[in-house]
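Below, each chain spelled out in residue letters.
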Amino acid sequence: MNTPSDTPTPELSAGEQELAQASTSLVDTDTWVDPELAALCREAAADGAVLLRNDGTLPFAPRARVALFSRVQVDYFTVGYGSGGDVNAPYSWNLLDALRDAAVVDVDAELADLYTQWSKDNQPDEGTWGNWPRYFEEMPIERETVRAAASRTDAAVVVIGRAAGEARENTLEPGSYYLTDDERALLDSVTAEFERTVVVLDCGNVIDLAWLEEYGDKISSVLYAWQGGMEGARSVADVLTGVQVPGGRLTDTIARRYEDYPSAPNFGGLEHNDYAEDIYVGYRYFETFAPEKVLFPFGFGLGYTTFDVATTVETSETDVTVSATVTNTGSEHPGAEVVQVYVQAPDGRLGKPARVLASFAKSRQLAPGEDDTVDLSFPVASLASYDDSGVTGHRSAYVLEAGTYTVYVGTDVRTATEAGSFTLDELRVVEQLAEACAPEAEHAFQRMTLDRDAAGQAVVAWQDVPTRQSSRRERIEARQVPAVEQTGDQGITLADVAAGTATLDAFVAQLTDDELEALTRGDRVMGSELGAAGNAGVFAGISESLRAKGVPPVTTTDGPSGIRLSAYASLLPSGAALAATWNTPLVRRLAAAHGQEMVRKNTHVLLSPGMNIHRDPLCGRNFEYFSEDPLVTGLVAAAVIGGVQEAGVAACPKHFAANNQETNRNLNDSRVSERALREIYLRGFQIAITESAPRTIMTSYNKINGVWSHYNDELCTQILRDEWGFTGTVVTDWWMQHDTDPDFPAVTDDAYRVRAQVDVFMPGGWFDHITGEFDQVAQASLLTSLAQPDGISLGEVQRTARNVLQLALGLGTLRDTVTALSAGRGEA
Ligand code: BGC
């Protein structure tokens, strides 16, 4: 048996206990699920399932006799671990039951009984926070048993299952990234005895698939199902039996070997990681420098039919207009195709990837012979690169360098073909910005860039990463943050502000220092008594005096895969599965139904979507996140945010930003060039904010170039608000680290944070990841420096109060509470 050589189970720290405690005990036992939401989950998980290989074995014919192998058919992985997976689902299907229930094929009963019994006798240990099982020990199976099953049936299905999660990285070990010996042995036997073997990958992350090449055509079909939530196994059953078609396309490149990923040498560092691969993340690297290292390219996925895609491309000074007509050229099955547009920008002074995704659209579902025309237009400006060194003569600007821009259209990054081009005669500055979050000189590293050999082939070259030149202190000093004079209580309520009979400024002017302070943090604990049982924390109306003025308590709950409460809630397809649909309208419909569930469960802020970039396949939370590509990430996130917020509640995209590993996530420094930060790690957030205006956003645990995100003024004020126009509330990820502002030593902790407009410290009690100390008493750090030389100013604190109150005012679901509290009728 293969057991991953895990580090011994550590004691749970106080903070981890808090994180782990949230929703385990059920207070609300209502199991009702909106049938439309369940149906959308089922549809979406099938639409995100990626068919990587198929020799015609799938879909199974009606009444085909199918032998199901591996215990995962019973112990099915529906989601990953941690806050993004810990949902009390009212039910969850496994694959065995789902296939039987569908009653399209005949599942071999003898084998099913064997596995069911074995699973019962060998119940997997559920593990503890951060130590959950990455796989379940497989049932050893005799060759004779396999042979006998082969003689009774037409085809085999082998299910491989994996999970990782928050505080649970994947590892380069059997049972995580690699197959275990038992899984190998199972595949050996099954492929030897069966003519047709189908592999279903029930995994949250990309795992090693090099073995597919070894088995060759002994494996007929491969379906990457991801983790599909409570309905996921039914979706897989639908796909296997042709009730639905596999609609997914890869949102990550699957490389031949782990070592081929450009992040591999710089992943998992305890103290820091140099993002040396720079902008060459995922397919941007592989297509430019190493196409031969790719097993399955970005964007790839098969359906059950064939398509023709006819494209027209027109270009103007400002826009690229692409129209594609997709025709189902098959004769048997329906299907939808994802049309993808890539652009290669000219080499210029800044290295450019061979391909960058510029637009995509999924056709509607087409019957054989039907066609659909999709629009894939995009602005030329969206192709600009960020010059962080000044090499183009325009430091800190997005520029379009002179030369020819070639447009490729297709159904994956590798096979997309040239469909048009345009030429810029001279460099164009698209946007002049100011330096932000650049690496510090003492942490300089070499970053990857592009060179060409004599034959014109792209080769990897290395250059010094540009380092910080600007003064943060000067920039903050230059900023005016006016205060309103404190008036004391004037009897103005938040309902007056909502009704337009008083201004928000007049309301804020009434607030005492203590009330202002209370608005900058949560109610200290997870599971606050002020919100629905099992919540992640509550902020805004956390004191009696604030509530008396009409400020409602705002309840937060995780998360990406479902509402995490001490109540039953729908378990959605994981983020990776949703993104693989490339179907933003469907994701939006699903999120809208989910928003309605939030209203029913009495929660106001969904700590979702998780939208960090899949920089490396080992990141434990990749199942929550969407893609290695920022455009896919941004547009899928925008669909989630837009859908959820339709219900009058808030989405909270996270973790802003560069939270790309779980290892030592609270203390780790992501050292990254400003160009890569902006073009890769921030771009998805920028797109989501521009498209869908989330009402809140959550910072990440890690540092970015030496500054924790929750103290990062350049990230959370300069870029997020001043450049992108974000007007919502910024909350921390749960707890923060003590620190002193290096530029203003009088400013520490909460003052440092509030100056950066990281408005709300969640859940609001101190937990120190360095010392392991947990302290529910507020630190006085916000008010001690108030109005002191170089200290936090009243204007800064009032500004954060406004950011928080605007959220309370904007949430449709809180309108009645604001009115009731303001009238003195609310609960104290
Ligand atoms: C996670 C967040 C989550 C929060 C509240 C943190 O540990 O990183 O994603 O929303 O806990 O549960």
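Residues numbered from 1 in each chain as written. Predicted model: local features only at pLDDT ≥ 70, side-chain atom pairs only at ≥ 80, totals over all residues. Heavy atoms only, no water.

A. Region of interest: the overall build of the protein. Each helix and strand in the protein was counted, giving 24 helices and 33 strands. Against the globule reference of 28 Å for 828 residues, the protein gives a C-alpha radius of gyration of 27 Å, in line with a compact fold. If you line up the protein on its principal axes, its C-alpha atoms span 85 × 65 × 50 Å. Taken across its 828 residues, the protein has 64% of its residues classed as buried. Pairs at least 24 residues apart make up 77% of the contacts formed inside the protein by residues separated by at least 6 positions. On the protein, roughly 27,800 Å² of surface is accessible, and the fraction owed to carbon and sulfur atoms is 47%. Mean positive and mean negative side-chain charge positions of the protein (63 and 120 charges, respectively) differ by 1 Å. (Helix = DSSP H or I, 4+ residues; strand = E, 2+ residues; numbered from the N terminus. Rg over C-alpha atoms; globule rule 2.2 N^0.38 Å. Buried < 20%, exposed > 50% of the residue type's maximum accessible area, 1.4 Å probe, protein only. Contact = heavy atoms within 4.5 Å. Areas by Shrake-Rupley, 256 points an atom, 1.4 Å probe, with all protein chains shown as cover. Lys, Arg positive; Asp, Glu negative; His and termini not counted. Charge placed at Lys NZ, Arg CZ, Asp CG, Glu CD.)

B. Representation of unusual backbone geometry. Omega for the bond connecting aspartate 558 with glycine 559 falls within 30 degrees of zero, at -5°, which places this linkage in the cis form. As for its placement among the helices and strands, glycine 559 is situated in the loop between strand 24 (553–557) and helix 15 (575–579). Along the chain, lysine 654 connects to histidine 655 via a cis peptide bond; the corresponding omega equals -5°. With respect to the helices and strands, histidine 655 occurs in the loop between strand 26 (650–651) and strand 27 (669–671). Its identity is not glycine, yet alanine 540 carries a phi of approximately 75°, on the positive side. Secondary-structure assignment places alanine 540 in strand 23 (residues 537–540).

C. The arrangement of the pairing of strand 24 in detail. Taken across its five residues, strand 24 has five buried, putting it largely inside the fold. Where burial is concerned, the two faces of strand 24 agree: the one with Pro553, Thr555 and Thr557 and the one with Val554 and Thr556 are both buried. In this sheet, strand 24 lies alongside strand 23 in antiparallel orientation, the contact comprising four bridges. Following the sheet pairing, glycine 537 is matched in strand 24 by threonine 556. (Pairing = 2+ DSSP bridges.)

D. Structural view of the packing of aromatic side chains. Considering all chains together, one arrives at 25 aromatic pairs under this definition. Here the aromatic rings of tryptophan 211 and tyrosine 215 are separated by 6.5 Å at their centres, their planes lie at 80°, and the arrangement is edge-to-face. Taken together, the residues tryptophan 211 and tyrosine 215, both in helix 7 (residues 210–215) and four residues apart, mark about one turn of the helix. Both residues of the pair, tryptophan 211 and tyrosine 215, belong to the buried class. Clustering of aromatic rings is evident, with ring pairs tying together Tyr177, Tyr178, Tyr258, Tyr261, Tyr280, Tyr285, Phe286 and Phe289. Across from the ring centre of phenylalanine 744, 4.6 Å away, lies the NZ or CZ of arginine 755, which sits over that ring. (Phe/Tyr/Trp six-rings, centres within 6.5 Å; stacked < 30°, edge-to-face > 60°. Lys NZ or Arg CZ within 6 Å of the ring centre and 35° of its normal.)

E. Seen up close, helix 20 (residues 713–723). Across the 11 residues that make up helix 20, a large majority, nine, are buried. Within helix 20 the residues assigned to the buried category are Asp713, Glu714, Leu715, Cys716, Thr717, Gln718, Ile719, Leu720 and Arg721. A positive backbone phi angle near 80° is found at glycine 725, which sits one or two residues after helix 20.

F. Representation of the environment of phenylalanine 767. Take phenylalanine 767: it is sitting in strand 32 (residues 766–767). A residue is classified by how much of its surface remains accessible, and phenylalanine 767, at 2% relative accessible area, is buried. On a C-alpha basis, the gap between phenylalanine 767 and tryptophan 582 in space is 39 Å, while along the polypeptide they are 185 residues apart.

G. Fine view of the site of the ligand. As a structural note, the neighbourhood of the ligand is formed by 15 residues, with Glu166, Asp558, Arg621, His655 and Asp733 the closest of them. At a separation of 2.4 Å, an oxygen atom of the ligand approaches a polar side-chain atom of aspartate 558. Residue lysine 654 places a side-chain N or O atom 2.9 Å away from an oxygen atom belonging to the ligand. Partitioning the shell around the ligand into residue classes produces six nonpolar, two polar and seven charged. (Near = heavy atom within 4 Å. Polar contact = N/O pair within 3.5 Å; in protein donor to acceptor, adjacent residues only side chain to side chain. Nonpolar A, V, L, I, M, F, W, Y, C, P; charged D, E, K, R; others polar.)

H. The arrangement of the domain arrangement of the protein in detail. Partitioning the protein into domains gives domain 1 (49–246), domain 2 (296–433) and domain 3 (522–538 + 550–791). Centre-to-centre separation of domain 1 and domain 3, based on C-alpha positions: 33 Å. Across the contact, 33 residues belong to domain 1 and 32 residues belong to domain 3. Counting across the domain 1 and domain 3 interface gives three salt bridges. A salt bridge links arginine 665 to glutamate 166; its shortest N-O distance comes to 3.0 Å. Here domain 1 is connected to domain 3 by 17 residue pairs in polar contact (both at pLDDT 80 or more). The residue inventory of the side of domain 1 that touches domain 3, partitioned by class, reads 14 nonpolar, 15 polar and four charged. (Domains from an automatic or database assignment. Salt bridge = Lys/Arg side-chain N within 4 Å of Asp/Glu carboxyl O.)

I. Local environment of the packing of helix 4 (residues 109–121) against helix 5 (residues 143–152). The N-to-C vectors of helix 4 and helix 5 enclose an angle of 145°; their axes lie 10 Å apart at closest approach. Mapping the contact onto sequence places Glu110, Leu111 and Leu114 in helix 4 and Thr145, Ala149 and Arg152 in helix 5. Its residues placed into classes, the contact of helix 4 with helix 5 shows three nonpolar, one polar and two charged. (Axes fitted to C-alpha atoms, helices over the stretch in contact; angles between N-to-C directions.)

J. The sheet that holds strand 8 (residues 272–274), seen in detail. If you walk across this open sheet you meet the four strands as 8-27-29-30, and the pairing is mixed. Taken across any chain shown, the strands that pair with only one partner, and hence form the sheet edges, are strand 8 and strand 30 (707–708). Pairing geometry for strand 27 and strand 29 (residues 703–704), over two bridges, is parallel. Paired with serine 670 across the two strands is isoleucine 704, which belongs to strand 29.

K. The arrangement of the confidence of the model for the protein in detail. Averaged over all residues, the pLDDT of the protein is 95; the fraction at 70 or higher stands at 95%. Counting interchain partners and residues more than four positions distant, the pLDDT-below-50 stretch residues 1–10 has 20 contacts. (pLDDT = per-residue confidence, 0-100.)

L. Focus on the UniProt feature "domain: Fibronectin type III-like" (unreviewed entry) in the protein. Under the UniProt annotation, "domain: Fibronectin type III-like" (unreviewed entry) lies at residues 337–413. Here residues 337–413 is 0% helix and 47% strand, with 14 Å between the C-alpha atoms at its ends. (UniProt positions renumbered as here; feature names shortened; annotations may be inferred.)

M. Geometry of the environment of valine 399. Tracing the chain through its elements places valine 399 in strand 17 (residues 397–400). The sequence separation of valine 399 and leucine 383 amounts to 16 residues, and the corresponding C-alpha distance is 8.7 Å. The contact partners of valine 399, leaving out residues within four places of it in the chain, are Leu350, Ala384, Ser385, Thr392, His394, Leu427, Arg428, Val429 and Val430.

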